[in-house]
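The primary structure of each chain is shown beneath.
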Amino acid sequence: MKKHILITGGAGFIGSHLGERLVFDLDYEVTCIDNFDDFYARSIKEKNIEKLKSSNQFHFVEADIRDKEALEKLNGNFDAIVHIAAKAGVLPSIKNPLAYEDVNIKGTFNLLEFAREKKIKQFVFASSSSVYGVNKNVPWSERDFVLQPISPYAATKVACELAGHTYSHLYAIRFIGLRFFTVFGPRQRPDLAIHKFAKKMLKNEPITVYGDGSTKRDYTYVSDIVDGIIAAMSYTRTDFEIINIGNNKPVTLMELIRTIETVFDKKAIIKYIEEQPGDVPITFADISKGKALLDYSPKVTLQEGLQLFKEWFVLNKD
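Enquirer: Give a detailed account of the nonpolar core, specifying residues and quantitative values.
Expert: Within soluble globular proteins, side chains that are nonpolar tend to cluster in buried spots. The biggest cluster of nonpolar side chains holds 70 residues, and the ones touching the most others in it are Leu 178, Ile 229 and Leu 294. Counting residues per element, this core draws most heavily on helix 8 (residues 222–233), at 8 residues. When neighbours within four sequence positions are excluded, Ile 229 is seen to be in contact with Ile 14, Leu 18, Val 82, Val 124, Leu 178 and Phe 180. Core analysis: the next-biggest nonpolar cluster, separate from the first, contains 21 residues, Ile 65, Phe 114, Ala 115 and Ile 173 among them.

Enquirer: So what about the packing of aromatic side chains? Which residues, and what values?
Expert: Throughout the structure, instances matching the rule amount to 17 aromatic pairs. Between Tyr 132 and Trp 140, the aromatic rings sit 4.9 Å apart at their centres with planes inclined by 35°, giving tilted as the arrangement. Judged by relative accessible area, which is 1%, Trp 140 ranks as buried. Note on Phe 175 and Phe 240: the rings are 5.9 Å apart at their centroids and 15° apart in plane angle, and the pair reads as stacked. One end of the pair, Phe 175, is in strand 6 (residues 174–180); the other, Phe 240, is in strand 11 (residues 240–245), with 65 residues separating them in the sequence. On the accessibility criterion, Phe 240 (24% relative accessible area) is partly exposed. Taken together, the ring pairs in this structure connect Phe 123, Phe 125, Phe 175 and Phe 240 into an aromatic cluster. In this structure, Arg 42 is placed above the aromatic ring of Phe 36, and the distance from its NZ or CZ to the ring centre is 4.0 Å. Residue placement shows Arg 179 over the ring face of Tyr 132; its charged tip is 4.9 Å from the ring centre.

Enquirer: So what about the sheet that holds strand 11? Which residues, and what values?
Expert: Reading across the sheet, the 7 strands line up as 3-2-1-4-5-6-11 and stay open at both edges, with parallel pairing between neighbours. At either end of the open sheet lies a strand with only one pairing partner, and these are strand 3 (58–62) and strand 11. Strand-to-strand, the axes of this sheet are offset by a mean angle of 20°, without reference to chain direction. Contacts between helix 5 (residues 97–118) and the sheet are confined to strand 1 (4–8), strand 4 (80–83), strand 5 (122–128) and strand 6, with strand 4 contributing the most and set at about 175° to the helix. Against the sheet, helix 6 (residues 152–171) makes contact with strand 5, strand 6 and strand 11, and its axis sits at roughly 160° relative to strand 5, the strand it touches most.

Enquirer: Can you lay out the packing of helix 7 (residues 193–202) against helix 11 (residues 302–316) for me, pointing to particular residues and giving the numbers?
Expert: Packing of helix 7 against helix 11 brings their axes to within 12 Å, and their N-to-C directions diverge by 60°. For the element pair helix 7 / helix 11, the angle class is oblique. Crossing of helix 7 over helix 11 shows right-handed handedness. For the pair helix 7 and helix 11, the contacting residues are Ile 194, His 195, Ala 198, Lys 199 and Leu 202 in the first and Leu 306, Phe 309, Trp 312 and Phe 313 in the second. Of the residues that constitute the contact of helix 7 with helix 11, the class distribution is 7 nonpolar, 1 polar and 1 charged.

Enquirer: Account for the pairing of strand 4, with residues named and values stated.
Expert: Neither face of strand 4 is open: one carries Ala 80 and Val 82, the other Ile 81 and His 83, and all of them are buried. The sheet contact formed by strand 1 and strand 4 spans 4 bridges and is parallel. Bridge assignment links Ile 5 to a residue of strand 4, and that residue is Ala 80. In the sheet, strand 4 pairs with strand 5 via 4 bridges, with the strands oriented parallel. Residue pairing across strands places Ile 81 opposite Phe 123, the latter belonging to strand 5.

Enquirer: Can you break down helix 7 residue by residue, with the values?
Expert: Listed as buried for helix 7 are Ile 194, His 195, Phe 197, Ala 198 and Met 201. The buried residues of helix 7 occupy one face: seen down the axis, they fall within an arc of 165°. Buried positions along helix 7 lie against strand 7 (183–184), strand 8 (207–210), helix 9 (253–264) and helix 11.

Enquirer: Got a sec to walk through unusual backbone geometry? Specific residues and values, please.
Expert: The amide bond that connects Val 138 to the next residue, Pro 139, takes the cis arrangement and shows omega of -5°. Following the sequence through the fold, Pro 139 ends up in the loop between strand 5 and helix 6. At Lys 119, a position not held by glycine, the phi torsion is positive, near 55°. One non-glycine residue, Asp 295, adopts positive backbone phi at about 55°. By the secondary structure assignment, Asp 295 is in the loop between helix 10 (288–294) and helix 11.

Enquirer: Help me get a handle on the pattern of salt bridges, residues and values and all.
Expert: According to the stated counting rule, one finds 26 salt bridges in the structure shown. A salt bridge links Asp 27 to Lys 2; the shortest N-O distance between them is 3.7 Å. In this pair, Asp 27 is assigned in the loop between helix 1 (13–25) and strand 2 (29–34) and Lys 2 in the segment before strand 1, connecting sequence segments 25 residues apart. Judged by its relative accessible area of 39%, Asp 27 is partly exposed. Between Arg 179 and Glu 161 there is a salt bridge, with its nearest N and O atoms 2.7 Å apart. Here Glu 161 lies in helix 6 and Arg 179 lies in strand 6, a separation of 18 residues in the sequence. Given a relative accessible area of 5%, Glu 161 falls into the buried group. Taken together, the shared-partner salt bridges connect Lys 68, Glu 72, Glu 113, Arg 116 and Glu 117 into one network.

Calculation notes
Residues numbered from 1 in each chain as written. Predicted model: local features only at pLDDT ≥ 70, side-chain atom pairs only at ≥ 80, totals over all residues. Heavy atoms only, no water. Core = buried A, V, L, I, M, F, W, Y, C linked by side-chain atoms within 4.5 Å. Buried < 20%, exposed > 50% of the residue type's maximum accessible area, 1.4 Å probe, protein only. Helix = DSSP H or I, 4+ residues; strand = E, 2+ residues; numbered from the N terminus. Contact = heavy atoms within 4.5 Å. Phe/Tyr/Trp six-rings, centres within 6.5 Å; stacked < 30°, edge-to-face > 60°. Lys NZ or Arg CZ within 6 Å of the ring centre and 35° of its normal. Pairing = 2+ DSSP bridges. Axes fitted to C-alpha atoms, helices over the stretch in contact; angles between N-to-C directions. Parallel < 35°, antiparallel > 145°, perpendicular 65-115°, else oblique. Left-handed = near helix turned anticlockwise from the far one by under 90°. Nonpolar A, V, L, I, M, F, W, Y, C, P; charged D, E, K, R; others polar. Arc of directions from axis to C-beta. Salt bridge = Lys/Arg side-chain N within 4 Å of Asp/Glu carboxyl O.

In short, shape yes, function no, at least from these values alone.
Quick look at the structure:
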């Protein structure tokens, strides 16, 4: 029997890459649910899963994770849930925190209940490096139990991790929370820095830099993220773990811009403005736990990943 995986947010950036790997490389059956949230254009997500829809091992259901009745109608005996769906973005969460609480926390509880009712043992949750907040103890380790999130988005991810611990304890659901660090690559959301910068640079428009460009991010290529997810899907040693999935090599915003300039052979016009609320000065993953438990080891460098992003972007920029 083929393994059958339920992916929430499966038409998005990370979810569609994961779906393709599972269906075309590993011969899994995949059911994807997505509600085509209007955070960005539906047509982009439709394009993301265009190839997947050609396979009879891929099933798409348009549904909202807040809709418990819709979840109950899902067909199949699922071997694992990979829960990626969420309202994303730090700044929008500050402007509309209750929407983030509604989707991210309620939706996750619905899925945990679904797992309990359907006796699905494996639950992989897409958490975020934002849970660490402003933490001077770099690189950030999962052993840092005092989390200080500084945005409602980050706070919802902390809440979901704790909900996962509760369900793991009460119902023996194996909950693996993966804290992703600044994911980039083909199909990256259009609101994220690399995508926005490339678009504006090619149009000879100024790009916005918040602060002085010294903030650092641990940019992690999407195929490395997918490697981490797949390893977590088959992890069985313990029933609850939180694991960083990052690159362990943070670079400054100005270094990122210079690398984009090199890859795209285009000079950036930079407009400096004040730092935005909710932003942290650095993200930096300690990935030793991921290496020990999941044999996780990032393979794609920033420049290599940007070259792959460029190849996709040039074909899809419109």
